[in-house]
Amino acid sequence: MHLDHPTTFPQRHTHSSPVRSDGSRRALRIGLGGPVGSGKTATVAALCRALREELSIAVITNDIYTREDAEHLLREAVLPPERITAVETGACPHTAIRDDISANLEAVEDLEDAVGPLDLVLVESGGDNLTATFSRGLVDAQMFVIDVAGGDDIPRKGGPGVTGSDLLVVNKTDLAPHVGSDLDAMARDAAEQRGELPVVFQSLRSEDGVKTVADWVRERIAAWIAA
Amino acid sequence: MSRSALLILADGRFPAGGHAHSGGAEAAVAAGRITDAVSLHAFCRGRLHTAGLVAAALAAAAADGVEPLALDEAADARTASAALRTASRRLGRQLMRAAHAAWPDPQLDALAAALPRGAHQPVVLGVAARAGGLGPLDAAHCAAYESVGGPATAVVRLLGLDPFDATAVLAGLGPDLDTVAERAVTAARSAAVQGVEALPAASAPLLDIGAETHAARATRLFAS
Amino acid sequence: MTVTSTSGASRTEPPAPPGDTSRVSATARIEARPDGRGGTALPLLAGAGPLAPRRTRAPVPGEAHVTLVGAMSAPLGGDRLAVEVGVAPGARLRVTASGATLALPGAGSDPADYRIRLTVGQDATLHWLPEPLVSVCGSALRQTTCAELAPGARLLLREEQVLGRHGEPCGRLTTRLTVRRAGRPLLDQELDCGPGAPPGWDGPAVLAGHRAIGQLLLVQPEFESGPVQPQTLGEYAALTPLGGPAALVTAVAPDALTLRTILDEAASDLLNDRFEAVRS
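These figures come from a predicted structure and were not determined experimentally. (Residues numbered from 1 in each chain as written. Chains lettered and ligands numbered in written order. Predicted model: local features only at pLDDT ≥ 70, side-chain atom pairs only at ≥ 80, totals over all residues. Heavy atoms only, no water.)

Caption draft 1: A look at the overall build of chain A. Tallying secondary structure elements over chain A gives nine helices and seven strands in all. For chain A, the C-alpha radius of gyration of 17 Å lies close to 17 Å, the compact-globule estimate for 227 residues. Here chain A holds 227 residues, and 55% of them are scored as buried. In chain A, of all internal contacts separated by at least 6 residues, the share reaching a separation of at least 24 is 77%. Taking the average location of the 22 positive side-chain charges in chain A and that of its 36 negative ones, the two points are 2 Å from each other. (Helix = DSSP H or I, 4+ residues; strand = E, 2+ residues; numbered from the N terminus. Rg over C-alpha atoms; globule rule 2.2 N^0.38 Å. Buried < 20%, exposed > 50% of the residue type's maximum accessible area, 1.4 Å probe, protein only. Contact = heavy atoms within 4.5 Å. Lys, Arg positive; Asp, Glu negative; His and termini not counted. Charge placed at Lys NZ, Arg CZ, Asp CG, Glu CD.)

See below:
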């Protein structure tokens, strides 16, 4: 009988263990959710560029049609190809990040098998609706990315992503004057929905536009390692 | 036996990855072989009596205590398509994770340790059923039902088929499901005595060909 | 498709009542071994009943070539036929047939049973390339092909099933192909078609109305380090690596000629290493 090679990561097949077999903490997993076209993939790409020198990063995309977001990241060459993988979601991207996270957990372990221990795994959801959120079994923290062009009433409408995410990112602020979105109103509504939870307004067109979000990730990493 | 364990294991919401697989239905829809509830029924019936029977017999044998590594080899030989072997092992890993949470058991751990890249899904299903206190017939029913439940759900998403029609297709296959589960258990009992070659090896050429066609497609909704 | 007919005398008689002695039970045997001069000798070449193996001129130096002649009007229902082929270590044997095998209705309801057993030793080569098996309306046949391969054996095997002669419905045909290598299962596939077969066999998951089904299997040690890349060969055929060092082409077609064209092309590409290998 041909047996598989001994595994370097025997936490395989378990769920939600925060430590590896050697006692070190596994990679921090951060989810990025939000509606179609709000700039999740662009935010992932910008975060990779900002953090790849200081952290060992990998990305998992949950596409609707196979690999389009993964291929976008590959074309942009934000990470070497072996650090980017796509999970197929059977036409239900929210199922793969919330109700049945097994394929995403497999993908995390496959990435660590392929490239060695990671510090950070970014899990991007397929563009879905305002109710799609990540399971706590899959990610340790999640950000919800909306954009000003999608309507300045999204924060007011709420929904689990807007109200409960660890970070709300309002993207494409450079477009606000052109689409007639009221950023102050969005900030007020978001604060009302989210209480103390942070909100970031960003434009990836400006230089170092992802800095605030990247700093938030750095803080998360520091807290994760210290925990 | 524990009937509630059977319901949990057979539940489409059991988090073991099945939702992302169409059981060959997406390829058959793309080729125009499934267009409505009638052709879905014909597809499911053919799959049930071929791939479904083989999976049910493997699961029944594993639940009966037949050596899982021998069953895994038997599954490899009965899965000609490389794309289907990959899908089956991946689903086996995902099921292992869910089963490990539901019914922790040394037999599951031993199988995971021997094949960390994943055992074939029906073999894991049988060992999981055993861990949950279920018998070979329950395991066979689970595998048989999965072999048609996956395609039916997928076709609802792919064709916008009326979900009531899809459910009626599954209900209509009830007698076939019972027959296949019973055949599978008989074969599993023979395999316990005569070895794994006594297990059925029913193949479906178009499922094998379609699996490779599907794997080569740039755009698809389901993993297999 | 060409179907040669050289029926033996017993086949021209009216069907005998069930249970009588006219049912054939026969085993043909072929053994090949190196002749010590770089060629292959055939120390055993024994026909039986309707099965007559004949040595024919080998197209390839070092290889022995045997043609199965006259197997075509057998088996009838109730017949028990077998072919046993042994290729000793280092020998090279090619077996072909002079025409298609027709499964015909017999006197009783018993299915015919046709067993093919192939044993290939270390560094030995067998090309098992029979003509199609045609399931005639009203017939019932169970064919099993078992190949037992040494770790360094090479096997090229082609099987074709044709469901009915032109325009007729087929009989019941059950074929199982079991290949073991180094004592472990490599491939195990069964196809069950025709009246009485489990439902769905002609439906969209299995055959979808195709009347010719074929497999082409190449087992060779070279695939251990460089397995073929899976690929489709048109809409109704695919090449896939197996779990061991082997490549399998599965094809369905509307007729035997179309099927043969697909399999011949694939065989030529496989033997000449024209398919892309997986780079590891």
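Caption draft 2: Main features of the overall build of chain B. Regarding its fold elements, chain B presents eleven helices and zero strands. Order of helices (α) and strands (β) in chain B, N terminus to C terminus: α-α-α-α-α-α-α-α-α-α-α. Relative to its length of 224 residues, chain B is compact, with a C-alpha radius of gyration of 16 Å against a globular reference of 17 Å. Along the first, second and third principal axes, the C-alpha set of chain B runs to 45 × 35 × 35 Å. Of all 224 residues assigned to chain B, the portion counted as buried reaches 62%. Of the roughly 7,700 Å² of accessible surface on chain B, 57% is carried by carbon and sulfur atoms. Positive and negative side-chain charges in chain B, numbering 18 and 20 respectively, have mean positions lying 5 Å apart. (Areas by Shrake-Rupley, 256 points an atom, 1.4 Å probe, with all protein chains shown as cover.)

Caption draft 3: Layout of the sheet that holds strand 11 (residues 140-149) of chain C. With mixed pairing, seven strands are arranged side by side in an open sheet as 2-1-5-8-11-13-14 (chain C). Each edge of the open sheet is held by one strand with a lone partner, namely strand 2 (40-46) and strand 14 (184-193) of chain C. Averaged over neighbouring strand pairs, the angle between their axes works out to 10° when direction is ignored. Relative to strand 5 (residues 80-87) of chain C, strand 1 (residues 25-34) of chain C runs parallel, the two being bridged by eight bridges. Within the sheet, the bridge partner assigned to Ala26(C) lies in strand 5 of chain C and is Leu81(C). Strand contacts of helix 4 (residues 68-78) of chain B: strand 13 (172-181) and strand 14 of chain C, with the helix running at about 55° to strand 14 of chain C, the strand carrying the most contacts. (Pairing = 2+ DSSP bridges. Axes fitted to C-alpha atoms, helices over the stretch in contact; angles between N-to-C directions.)

Caption draft 4: Fine view of the sheet that holds strand 4 (residues 120-124) of chain A. Residue and element names in this part refer to chain A. With respect to topology, seven strands assemble into an open sheet ordered 3-2-4-1-5-6-7, the strand pairing being parallel. Edge positions in the open sheet fall to strand 3 (84-88) and strand 7 (199-201), since each of these has one partner strand only. The average angle at which neighbouring strand axes cross in this sheet is 20°, direction not considered. In terms of strand pairing, strand 5 (residues 141-147) meets strand 6 (residues 167-171) through five bridges, oriented parallel. Residue pairing in the sheet places Asp147 in a bridge with Asn171 of strand 6. Relative to the sheet, helix 2 (residues 68-76) contacts strand 2 (57-63), strand 3 and strand 4, its axis offset from that of strand 2 by approximately 145°.

Caption draft 5: How the structure looks around the interface of chain A and chain B. Contact residues are listed per partner, giving 29 residues for chain A and 28 residues for chain B. Summed over both partners, the interface of chain A with chain B buries about 2,600 Å², with 54% contributed by carbon and sulfur atoms. Run the count over chain A and chain B and you get seven salt bridges. One salt bridge connects Arg117(B) with Asp110(A), and the closest N-O pair in it is separated by 3.7 Å. Seen at the junction of chain A and chain B, the total is twelve residue pairs in polar contact (both at pLDDT 80 or more). Of the residues forming the side of chain A that touches chain B, the biggest block, seven residues, is contributed by helix 4 (residues 102-115) of chain A. (Buried area = accessible area lost by both parts, 1.4 Å probe. Salt bridge = Lys/Arg side-chain N within 4 Å of Asp/Glu carboxyl O. Polar contact = N/O pair within 3.5 Å; in protein donor to acceptor, adjacent residues only side chain to side chain.)

Caption draft 6: Quick look at the interface of chain C and chain B. Taken together, the contact between chain C and chain B spans 35 residues of the former and 35 residues of the latter. Three residues, Pro199(C), Pro204(C) and Ala205(C), lead the burial of chain C against chain B; their summed loss comes to 22% of the area buried on that side. For the interface between chain C and chain B, the tally reads three salt bridges. Measuring nitrogen to oxygen at the nearest pair gives 2.4 Å for the salt bridge that ties Glu197(B) to Arg180(C). At the junction of chain C with chain B, the criterion picks out 16 residue pairs in polar contact (both at pLDDT 80 or more). Per-element tally for the side of chain C that touches chain B: the top contributor is strand 14 of chain C, with eight residues. Partitioning the side of chain C that touches chain B into residue classes produces 21 nonpolar, eight polar and six charged. (Nonpolar A, V, L, I, M, F, W, Y, C, P; charged D, E, K, R; others polar.)

Caption draft 7: Layout of the packing of aromatic side chains. By the definition in use, this model includes one aromatic pair over all chains. Over the ring of Trp224(A) we find Arg25(A), and its NZ or CZ is 4.3 Å from the ring centre. (Phe/Tyr/Trp six-rings, centres within 6.5 Å; stacked < 30°, edge-to-face > 60°. Lys NZ or Arg CZ within 6 Å of the ring centre and 35° of its normal.)

Caption draft 8: A look at the confidence of the model for chain A. The predicted model of chain A averages 88 in pLDDT, with 92% of residues at 70 or higher. With pLDDT under 50 throughout, residues 6-11 of chain A is counted as low confidence; its partners more than four residues away or in other chains account for eleven contacts. (pLDDT = per-residue confidence, 0-100.)

Caption draft 9: Structural context of the nonpolar core. Formed by 135 residues in total, the largest nonpolar core has its most connected members in Leu93(C), Leu126(C), Trp128(C) and Leu217(C). Looking at this core, the element that brings in the most residues is helix 3 (residues 37-63) of chain B, giving 15 residues. Counting 33 residues, the second-largest nonpolar core is a separate cluster that includes Ile57(A), Leu122(A), Leu167(A) and Val213(A). (Core = buried A, V, L, I, M, F, W, Y, C linked by side-chain atoms within 4.5 Å.)

Caption draft 10: Spotlight on the confidence of the model for chain B. Summary statistics for chain B give a mean pLDDT of 96 and a share of 100% for residues scoring 70 or more. Interface confidence for the predicted complex, given as ipTM, is 0.96, next to a pTM of 0.91.

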